[in-house]
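Tertiary structure, described
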Amino acid sequence: ASWTIGTAFQIGALNNSVVRWIRCEPNPGKRPNEILVCVADAGSELNAWLWNNGSWGTGTNITNGTLMANAIENPLYQTWDIAYSSGTGRAYVFGAIADIIEPAYSDGGAWSAGTDTVDIDAGNSTWRGLKAAMDPAAGSNNIAFIALTEANDIALAVWTGSAWQTRATNVTETNAQSNVL
């Protein structure tokens, strides 16, 4: 992708709320001119934009009740994340909604709701952080997750692109020093 000064877009345009978090991620190869930008605002909404071949697409409210539930759990913490699948090049937004992780995805155009959700925290605590990372191996659709709860429990899971793999839950650190992953 080539960038020039002046390539910009209004990140608060969807609901005019205060931005709390912003993440961007480049597509690892299937669509090399694509970048995913996702914003969480003070109203617990997630909004996503795709940069494709020189221009920004229309922003999409991911937490619209159709793609995902109506709000992420806590806008003060990054209780959501984004990642690409290196195998398919699919862009994902994952949100912690109550104690469930919900996916939404795009193949470069319109957004769709994921088909599978997961409860990776058996203790049902409030989320303090969620981090996703793609498996860079060629052809892999795996995305690994680590989540931290307010009870300082750590939960791990892997999304295969269509389902959640067996996960470890309530890996406890008695004296956790940080609330952010």
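**A few points about the overall build of the chain**
Looking only at helices and strands, the chain features zero helices and 13 strands. Element order for the chain, N to C, with α for helix and β for strand: β-β-β-β-β-β-β-β-β-β-β-β-β. Looking at the chain as a whole, 44% of its 181 residues qualify as buried. Considering only contacts within the chain whose residues lie at least 6 apart along the sequence, 50% involve residues at least 24 apart. When the accessible surface of the chain is summed, it comes to about 8300 Å², and 50% of that surface belongs to carbon and sulfur atoms.

**Notes on the environment of Y84**
Position of Y84 relative to the elements: it lies in strand β6 (residues 80–84). Classification of Y84 by relative accessible area gives buried; the value is 1%. In this structure, the C-alpha to C-alpha distance between Y84 and K30, residues 54 residues apart in sequence, is 9.9 Å. One polar contact links Y84 to E34, side chain to side chain, over a distance of 2.8 Å. In terms of polar contacts, Y84 uses its side chain to reach the backbone amide nitrogen of L36, at 3.4 Å.

**Quick word on the sheet that holds strand β9 (residues 111–113)**
Sheet architecture is open: four strands sit in the order β6-β7-β8-β9, paired in antiparallel fashion. In this open sheet, the two edge strands, each paired with only one partner strand, are β6 and β9. Strand-to-strand twist across the sheet, computed as the mean angle between neighbouring axes with direction ignored, equals 25°. Summarising the sheet, strand β8 (residues 100–106) and β9 pair through three bridges and their orientation is antiparallel. Its bridge partner lying in β9, A104 is registered against A113.

**Here we look at unusual backbone geometry**
Residue S44 is not a glycine yet carries a positive backbone phi of 65°. Not every positive phi belongs to a glycine, and N152 is a case in point at roughly 65°. If you trace the backbone, N152 turns up in the loop between β11 (143–149) and β12 (153–159). For N152, a relative accessible area of 18% puts it in the buried group.

Criteria and cut-off values
Residues numbered from 1 in each chain as written. Predicted model: local features only at pLDDT ≥ 70, side-chain atom pairs only at ≥ 80, totals over all residues. Heavy atoms only, no water. Helix = DSSP H or I, 4+ residues; strand = E, 2+ residues; numbered from the N terminus. Buried < 20%, exposed > 50% of the residue type's maximum accessible area, 1.4 Å probe, protein only. Contact = heavy atoms within 4.5 Å. Areas by Shrake-Rupley, 256 points an atom, 1.4 Å probe, with all protein chains shown as cover. Polar contact = N/O pair within 3.5 Å; in protein donor to acceptor, adjacent residues only side chain to side chain. Pairing = 2+ DSSP bridges. Axes fitted to C-alpha atoms, helices over the stretch in contact; angles between N-to-C directions.

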